[in-house]
Amino acid sequence: MNWNFKKRLFEIFRNYEMDKALARGEILTYEEELIQRLRHVYYGFLPASALLLIDDYCNGYCADRSMLITMGMDDFKLVRADVRSLAINYGREHAYHSFVEHDGYVYDTSLGCKIKKEVYYKIENPRIRKIDTMKECMCFPEYRAILHTDIQNEKMFLPVTMPMIMEAIQRATFKERATYELELFKQEIEYDKMLQESMED
C-alpha cells in the first residue's frame with residue numbers, strides 16, 4: 001500500500017475516533033488538582049504546571065515529560081511502547097513513545113491532554129516495551145533529580161529566557177491556561193523585582 005495513502009487512511013480513522021471520544025467526554029484537559037500539585041515541581045527554571053501546557057516544550061520530549069507529569073500523581077504506570085501514529089508517520093524505527101496510565105486514562109504529554117485508555121489503545125495500538133510502577137520510578141536517578149531541583153538557583157536564568165518562553169506560549173494549544181500558570185509562578189518568585197535588579201546590574 002502506498003505510504004502516503006496509508007498515512008491518510010490513519011488520519012481519517014484517528015480523527016473519527018477522536019471526534020467520537022470528544023463528544024462522549026473521553027478526552028479531557030489535565031484536571032485542576034493535578035496542575036495544582038505540579039506548581040511546586042520544577043524542571044529547570046519552570047514549574048511543571050506551566051511547562052506541560054507548552055507544546056514546544058513537550059513535543060519530542062515524551063520520555064522526560066511523561067515522567068514529569070507523574071510527580072503530581074499518587075499512583076500511576078509509566079508506559080514505554082511503539083505506537084501506531086509514529087510508526088505510520090515516521091517509520092517503525094521511530095515509533096517509540098512514552099505515556100502515563102492513571103485512573104483509567106492515558107496522559108499523553110505530546111498531546112497535552114488525557115484520553116480514556118480504551119480509546120487511546122484503539123487508536124494507537126501500542127506495542128508495549130516496558131511498564132514501570134510509581135515505586136519503580138522513584139528509584140530512577142532522573143526521577144530523584146527532578147524532585148531535588150533547586151528553583152532558587154534555576155530562576156536566575158529567567159530574565160534571559162522569559163522572552164523565549166512567552167513566544168512559545170503564544171503557540172501553545174492551551175495558551176490561556178499556560179499563561180495563567182506562568183503568571184502565578186512569576187508572582188511567587190517575585191519575577192518583576194528580580195528582572196529590575198538584573199537590569200540595574
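The following paragraphs examine the structure supplied in this document.

Conventions adopted
- Every residue gets a number counted from 1 within its own chain, in the order that chain's sequence is written.
- In view of the model being predicted, local features appear only for residues whose pLDDT reaches at least 70, and side-chain atom pairs are presented and counted only at 80 or more, with totals across whole chains, interfaces and linings using the full set of residues.
- Only hydrogens and water are set aside when side-chain values are computed; all heavy atoms of the structure are taken into account.
- Any residue under 20% of the maximum accessible area for its type is buried, any over 50% is exposed, and the rest in between are partly exposed; the area is computed with a 1.4 Å probe on protein chains only.
- Helix and strand definitions here come from DSSP, where helices need a minimum of 4 consecutive H or I residues and strands a minimum of 2 consecutive E residues; each element is numbered from the N-terminal end.
- Paired strands, in this sense, are two strands between which DSSP finds at least two bridges.
- In this scheme, a helix's expected span is set at 1.5 Å multiplied by one less than its residue total.
- This arc describes the spread of directions from the helix axis toward the C-beta atoms.
- Any pair of residues with heavy atoms lying within 4.5 Å of one another is described as a contacting pair.
- What is meant by a nonpolar core is a set of buried Ala, Val, Leu, Ile, Met, Phe, Trp, Tyr and Cys residues, joined one to another through side-chain atoms within 4.5 Å.
- A carboxyl oxygen of Asp or Glu within 4 Å of a side-chain nitrogen of Lys or Arg is what we treat as a salt bridge.

A few words now on the pairing of strand β4 (residues 77-82). Within β4, 5 of the 6 residues are buried, which leaves the element mostly enclosed by the surrounding structure. Across 6 bridges, the pairing between β4 and strand β5 (residues 96-102) is antiparallel. Opposite L78, over in β5, you have V100 as the bridge partner.

Moving on, we come to helix α1 (residues 3-23). Compared with an ideal rise of 1.5 Å per residue, which puts 21 residues at 30 Å, α1 spans 30 Å between its outermost C-alpha atoms and is within 8% of the ideal. Within α1, burial applies to F10, E17, M18 and A21. Within α1, the buried residues cover an arc of 100° as seen down the axis, which keeps them to one side. In α1, the exposed positions that point more than 90 degrees away from the buried face belong to N4, D19 and A23. On the buried face of α1, the contacting elements are β1 (27-28), α5 (84-90), β7 (113-116) and α6 (117-124). Of the residues one or two after α1, G25 is the one with positive phi, at around 75°.

Moving on, we come to the nonpolar core. One broad trend across soluble globular proteins is that nonpolar side chains are buried collectively. Counting residues in hydrophobic clusters, the biggest one holds 39 residues, and the most contacted among them are L52 and I69. Residue assignment for this core shows that the elements contributing at least two residues are α2 (32-37), α3 (48-51), α4 (62-69), β6 (105-108), α8 (141-147), α10 (158-170), α11 (175-188) and α12 (191-200). If you tally residues by element for this core, the top one is α10, at 5 residues. A21, V83, V106 and I123 belong to the second-largest nonpolar core, a separate cluster that totals 15 residues.

Let's shift gears to the pattern of salt bridges. In this structure the tally under the stated criterion is 17 salt bridges. Of the charged contacts, one joins R8 and E11 as a salt bridge, the two residues approaching to 3.4 Å between their closest N and O atoms. Separated by 3 residues within a single helix, R8 and E11 lie in helix α1, roughly one turn from each other. Overall, the relative accessible area of 44% leaves R8 in the partly exposed class. Here E101 ties to K117 by a salt bridge, and the two come within 3.2 Å at their closest N and O atoms. Remark: K117 occurs in helix α6 and E101 occurs in strand β5; sequence separation between them is 16 residues. Given the relative accessible area of 10%, E101 is considered buried. By relative accessible area, K117 is classed as partly exposed at 31%. Three or more residues are tied together by salt bridges with common partners; here these are E32, R39, R177 and E181.

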